[in-house]
Amino acid sequence: ATRISTATPHVLAMALSSLARTAEAIPPRLERYHKDRIRRFVRTNLHDPNLTADMIARGVDLSPRHVYELFSGEPVTLMKSIWIERLERCREELSLPLLRHRTISEIAYSWGFRDLAHFSRSFRTRFQQTPRLIVGESRGTALIAVRQRTLHAIDRVSGHGVPLAEIVIERRQR
């Protein structure tokens, strides 16, 4: 009986310390689970221009505050990451020759952008290129050279050639 009474506190301490380690491991797993659910919801609804933190929170049954807390340790905010992902998707589609029939605005609007001017500024900031340049490259048209060519016209009074300047922009198909 003495042995049991002496061993009981040690056994109990080991069991409780093991329980504490398990309890510490649960929140990161739960956090990962919620983040995965949120990311899945965002991916599914990325095209929706009404995608907000409130909509995401309702969609995954969490409070908006908890959604923000889950992403507080990330390099960029949740909403910023949504904008970045939308820009990436737009760039992909603008680069595809198979989608050459779609306009820049159609692609931007289809990925949840509401304002084309804001989209263009954000795109240029993110990729250091305009959407139009990406489209031109993907569709086989690129500005190759600008050169000046001098043409001569005959002056009606003097009958001499008069130089006229003309700027020629050459475009080539790839």
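Residues numbered from 1 in each chain as written. Predicted model: local features only at pLDDT ≥ 70, side-chain atom pairs only at ≥ 80, totals over all residues. Heavy atoms only, no water.

Colleague: Could you give an account of the pattern of salt bridges, naming the residues involved and the relevant values?
Modeller: The full count for this structure, using the stated rule, is seven salt bridges. Between arginine 126 and glutamate 88 there is a salt bridge, and its shortest N-O distance comes to 3.1 Å. Of the two residues, arginine 126 is situated in helix α6 (residues 116-127) and glutamate 88 in helix α4 (residues 78-95); the sequence distance between them amounts to 38 residues. Note that arginine 102 and glutamate 93 form a salt bridge whose closest N and O atoms lie 2.9 Å from each other. This pair shows no difference in class: arginine 102 is buried, exactly as glutamate 93 is. (Salt bridge = Lys/Arg side-chain N within 4 Å of Asp/Glu carboxyl O. Helix = DSSP H or I, 4+ residues; strand = E, 2+ residues; numbered from the N terminus. Buried < 20%, exposed > 50% of the residue type's maximum accessible area, 1.4 Å probe, protein only.)

Colleague: Could you give me a rundown of the nonpolar core, with the residues and numbers involved?
Modeller: One finds Ile38, Ile56, Leu94 and Phe119 to be the most contacted residues of the largest nonpolar core, which totals 28 residues. With five residues, the top contributor of residues to this core is α4. Setting aside residues up to four positions removed in sequence, isoleucine 56 forms contacts with Ile38, Phe41, Val42, Leu51, Val67, Leu78 and Ile82. (Core = buried A, V, L, I, M, F, W, Y, C linked by side-chain atoms within 4.5 Å. Contact = heavy atoms within 4.5 Å.)

Colleague: Could you give me a rundown of the layout of surface pockets, with the residues and numbers involved?
Modeller: Approximately 280 Å³ is the volume attributed to the largest pocket. Lining the largest pocket are 13 residues; nearest its centre among them are Arg39, Val42, Phe71, Leu78 and Ser81. For the lining of the largest pocket, the secondary structure elements donating two or more residues are α1 (2-45) and α4. Ranked by residue count, the leading element in the lining of the largest pocket is α4, at four residues. Its residues placed into classes, the lining of the largest pocket shows seven nonpolar, two polar and four charged. One number sums up the size of the second largest pocket: a volume of about 180 Å³. What lines the second largest pocket is a set of twelve residues, among which Ile104, Ser105, Ser120, Pro131 and Arg132 lie closest to the centre. Counting only elements with at least two residues in the lining of the second largest pocket, the list comes to α5 (104-110), α6 and α7 (131-138). Residue composition of the lining of the second largest pocket, grouped by class: four nonpolar, four polar and four charged. (1 Å grid on protein atoms, 1.4 Å probe; cavity = no way out; pocket = protein on both sides within 12 Å on 5 of 7 lines; lining within 4 Å. Points joined across faces, edges and corners; volume = space filled by probe spheres on them. Nonpolar A, V, L, I, M, F, W, Y, C, P; charged D, E, K, R; others polar.)

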